[in-house]
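Results of the structural survey
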Amino acid sequence: MAAAYGGVTPLDRFHSEATVDPALAAQSRLNPDVELELRAAPGTASIVPGAATRVWSYSGHVIKGPPTALQAIPGSYVGPILRFQTGQRVRIHFRNELPEETIIHWHGLDVPAQMDGHPHLAIASGTTYVYEFTIVNRPGTYWYHPHPHERVGPQVNRGLTGVILVSDAAESALKLPSGNDEIVGVIQDRQFDAGNQFVYVSGMSMDRMSGFLGDRILVNGRPSARMSLATRAYRLRLMNGSNSRVYKLAWSDNTPMIVLGTDGGLLERPVVRNYVTLAPAERIDMLLDLSQRLVGSRLVLRSLAFPSRLFEMEMGMGRGRGRGRGMTGSRTLSNGAPFDILAIDVARRERSPFVLPSRLSTYDGAWQPPASVQTRVVRLDFRMMQFLLNGRRFDLTDVAPDETVQAGSTHVWEFDNSGPAMMNMRLGHPMHLHGRQFRILSRQVEPARLGDWNGLRDGFVDEGWKDTVLVTPGEKVRILVRFSKYPGLYLYHCHNLEHEDAGMMRNYRIV
Ligand code: C2O
Ligand code: CU
Ligand code: CU
C-alpha cells in the first residue's frame, strides 16, 4: 500500500505496524476515484508589504478525477483546498521536498492507521509516500497538516496547512450557498521579523508555556483580510489553523452567529450563538446572511477579549506586562486580547432568495453511552515543567494497557483538567483524537474557575460531531467515542502544537 520512491519505505522501517486489513488491501487494488499529487516544498509568499516571506507550503494537482478535487488558493502559502465526496476512493502521492522529514496527517478523517500520518511514518527529504483510503466521513470541514516527531509546530508555522471539504448528495440537496458563495477561511497568527520573515522559536521555556503566539492575524495567509461581497447569503467555513491561539469569534455589530456545523460536519439543526469559541484545530461552519445589509456598509469578524490566564502563565512573567517575549525580544498579542480578523464590505446589491433549511442532517444528538460503559479518565497534568497525559509523556511506539481499545467499541473518555497542579499551573488544552469524531457528553468546572470559564462557555458548540475539544482550566469534559474499525496505532494529544511537540501526546492502539 504505502510506497516510497528513492528512499526507505516507512513500512520497512516499522514492520510491526504493517498490519494491513485484507479487505483494505483488496480495495486498494481498485482504481481510485480521485488521484492527486501533493508536495511540500519551500517557496516564498508576499504577505506583508516589502520583502517576500520564505514559507513552506503544500501544492499539487489532480491526476485523475474531477478538476475541483484540488483548488489552489492563489498567492497564499495555505495549501490547496481538497474536495472529496463520501464514499470516494482516494490515492494521494505525497512528495517531501522539504529539507527535513515530514508526513501528512488528515485531521478528522477516519483512515487506516498506515494512512493516518503518525510520526513513525515520516518520510525523508526527497521521498514520496502514497496514501490510499476511502472517504468514510460524513460531509464536513476537515484539514491536513504535517505530523513529524516534535516538528509539528515549526512546520505548520512555516505554512504547511490545508483544508479538506467532504460533501455528499444529501448535503448538496440542502442547496447551501456554494461556489463563489462559499468562503473558506484559515485563521492563523504569525510573527514577522524586520525582514518580513516568520519568527518561530522551538522548545519550551517559562515564558513560552502557552505556546507560539503571533501578533499578526492572517486569514488564508493574508493580514488585514477583507472581502467585498454582495447582499446575499454566504456559507462561511472557518478553521483555526493557529499553533496556540484561541479565538472568540463575533460580528462587530453583535449580529448573532448562525452555526451550521462543527468539526465533523453539519448539525442536526442550525444553532445561534452570540460568539463562537474556536480553539486550535477546531472548525466552524456558519451562515452569513448579508441580504438585509446596505450597500456600502461594513461588517467585521472579530475576536473578543477573554481572560488570558486561561491559556497563559500568570506570575508576572512573559507577555502582557510590557515585557518582551524573552528569546525573540518583540511584543505580541496575548491569548485573550481582542482584534479584528476579517472585514466584509457589502459592495453590491444582488437579490438571491435563500431559505435556510430547518433540518440540516441526521446527526443523532441523543446518542448515549451504553449502560456497561466505563469512563476512562485522562488527566491533563503539569509536572516537572512538562504537560503530561496521565503522568506520561509521548513515546513514538509506547502504548499503555489503558490506551488499547477494541475496533468499533464505544468508550467514554474524560479529560480532567481540574485539581491541584504544580505552581497552580492549569492552562486550557484543545484535546484531539485521531481517526474519529466524538460527541461531547458533559462539561463540569470547579467553582473557583467558573468566572474565567464564563468568558468562553457560551461560544462552545457542543451539539455536533467533534474531533477536538477545548478543556479549560478546572474543567472535566466527558466525550463519547466509537473507535474506528481500522486496527493500528493512532494518537491523542493536545492540539496546542507547542504542547504536542513537547510531549503532551500519547498513542492509542486499536486491536
Ligand atoms: Cu491535527 Cu495529531 O493532529
Ligand atoms: Cu488529527
Ligand atoms: Cu495543551
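My aim in this report is to walk through the structure given alongside it, one point at a time. None of the values given here were measured: they were computed from a predicted structure.

To continue, consider the overall build of the chain. Helix and strand counts for the chain come out as six helices and 31 strands. Contacts spanning at least 24 positions in sequence make up 81% of the contacts within the chain whose residues lie at least 6 apart.

Here we take up the packing of aromatic side chains. To describe a pair of aromatic rings, one takes the distance between the centres and the angle between the planes. All told, the structure shown has 19 aromatic pairs when counted by the stated rule. With 5.0 Å between their ring centres and 85° between their planes, W106 and Y131 make a pair best called edge-to-face. Of this pair, W106 sits in strand β6 (residues 104–107) while Y131 sits in strand β7 (residues 128–134), and the two are 25 residues apart along the sequence. An identical accessibility class is assigned to W106 and Y131; each is buried. Relative to F133, the ring of W106 lies with its centre 5.7 Å away and its plane at 55°, an arrangement referred to as tilted. Of this pair, W106 sits in strand β6 while F133 sits in strand β7, and the two are 27 residues apart along the sequence. For W106, a relative accessible area of 0% gives the class buried. Through successive ring pairs, a cluster of aromatic residues spans Y58, F94, W106, Y129, Y131, F133 and Y144. Between the NZ or CZ atom of R190 and the centre of the ring of F198, over which it lies, the distance is 5.5 Å.

In a perfect tetrahedron of four donors around a metal, the angles come out at 109.5 degrees. In a perfect octahedron of six, they are 90 or 180 degrees. Every protein donor of the copper ion (ligand 3) is listed here as H429 (ND1), C494 (SG) and H499 (ND1), and their distances to the metal cover 2.0 to 2.1 Å. The sequence motif formed by the donor residues of the copper ion (ligand 3) is H-x64-C-x4-H. Judged on exposure class, the residue C494 and its partner H499 are both buried.

Turning our eyes to something else, we now look at the sheet that holds strand β12 (residues 222–223). What the seven strands build is an open sheet, ordered β12-β11-β10-β14-β19-β16-β17; its pairing is mixed. Bordering the open sheet on either side are β12 and β17 (265–273), each of which pairs with just one other strand. By the bridge criterion, six bridges tie strand β10 (residues 182–190) to strand β14 (residues 233–240) in an arrangement that is parallel. When the bridges of β14 are listed, V184 appears paired with R237.

With a phi close to 45°, S224 is a non-glycine residue in the positive phi region. Considering the arrangement of structural elements, one finds S224 in the loop between β12 and β13 (225–230). Phi at N390 takes a positive value of approximately 50°, unusual for a residue other than glycine. Within the fold, N390 resides in the loop between β23 (386–389) and β24 (404–405).

Another point: the coordination of the copper ion (ligand 2). Every protein donor of the copper ion (ligand 2) is listed here as H105 (NE2) and H432 (NE2), and their distances to the metal cover 1.9 Å. Placement of the pair is H105 in strand β6 and H432 in strand β26 (residues 429–433), with a sequence separation of 327 residues. Considered together, H105 and H432 belong to a single accessibility category, that of buried residues.

Before going further, it helps to examine the pairing of strand β20 (residues 298–303). The side chains of a regular strand alternate, first on one face of the sheet and then on the other. Taken together, the three bridges between strand β15 (residues 247–251) and β20 define a ladder with antiparallel strand orientation. Looking at β20, one finds that A250 is bridged to R302. Two elements, β20 and strand β21 (residues 339–348), share six bridges in a ladder whose sense is antiparallel. Across the sheet, residue L299 finds its bridge partner in β21, namely I344.

In this structure, the largest pocket spans a volume of roughly 630 Å³. As for the largest pocket, its lining consists of 25 residues, of which E182, I183, V184, N220 and M227 are closest to the centre. Elements that contribute at least two residues to the lining of the largest pocket include exactly β4 (81–85), β10, β13 and β14. Of the residues in the lining of the largest pocket, the class split is 14 nonpolar, seven polar and four charged. The residues that make up the lining of the largest pocket include at least three from each of domain 1 (10–166) and domain 2 (179–348).

All right, on to the pattern of salt bridges then. If you walk through the whole model with that rule in mind, you get 40 salt bridges. Linking R232 and D181 is a salt bridge whose minimum nitrogen-to-oxygen distance equals 2.9 Å. Placement of R232 in the loop between β13 and β14 and of D181 in the loop between α4 (169–173) and β10 is noted, with a sequence separation of 51 residues between them. Neither residue differs from the other here; R232 and D181 are each classed as buried. If you follow the salt bridges from partner to partner, you end up with R83, E171, E182, R235, R237 and D285 in one network.

All right, on to the sheet that holds β13 then. Strand order in the open sheet made by the five strands is β13-β21-β20-β15-β18, with mixed pairing throughout. Strands at the two margins of the open sheet, each flanked by one partner only, are β13 and β18 (276–278). Averaged over neighbouring strand pairs, the angle between their axes works out to 25° when direction is ignored.

The next thing to look at is the side chain of K248. For K248, the position within the fold is in strand β15. For the buried K248, which has no salt bridge, the nearest side chain bearing the opposite charge is D458, at an N-O separation of 7.8 Å.

This part covers the environment of M257. Mapped onto the elements, M257 comes out in strand β16 (residues 257–262). The spacing of M257 and L287 is 30 residues in sequence and 7.5 Å in space, taken between C-alpha atoms.

About the thresholds
Residues numbered from 1 in each chain as written. Chains lettered and ligands numbered in written order. Predicted model: local features only at pLDDT ≥ 70, side-chain atom pairs only at ≥ 80, totals over all residues. Heavy atoms only, no water. Helix = DSSP H or I, 4+ residues; strand = E, 2+ residues; numbered from the N terminus. Contact = heavy atoms within 4.5 Å. Phe/Tyr/Trp six-rings, centres within 6.5 Å; stacked < 30°, edge-to-face > 60°. Buried < 20%, exposed > 50% of the residue type's maximum accessible area, 1.4 Å probe, protein only. Lys NZ or Arg CZ within 6 Å of the ring centre and 35° of its normal. Donors = N, O, S within 2.8 Å, 3.2 Å for Na, K, Ca; no water. Pairing = 2+ DSSP bridges. 1 Å grid on protein atoms, 1.4 Å probe; cavity = no way out; pocket = protein on both sides within 12 Å on 5 of 7 lines; lining within 4 Å. Points joined across faces, edges and corners; volume = space filled by probe spheres on them. Nonpolar A, V, L, I, M, F, W, Y, C, P; charged D, E, K, R; others polar. Domains from an automatic or database assignment. Salt bridge = Lys/Arg side-chain N within 4 Å of Asp/Glu carboxyl O. Axes fitted to C-alpha atoms, helices over the stretch in contact; angles between N-to-C directions. Lys, Arg positive; Asp, Glu negative; His and termini not counted.

Function cannot be read off these values alone, since they describe shape.
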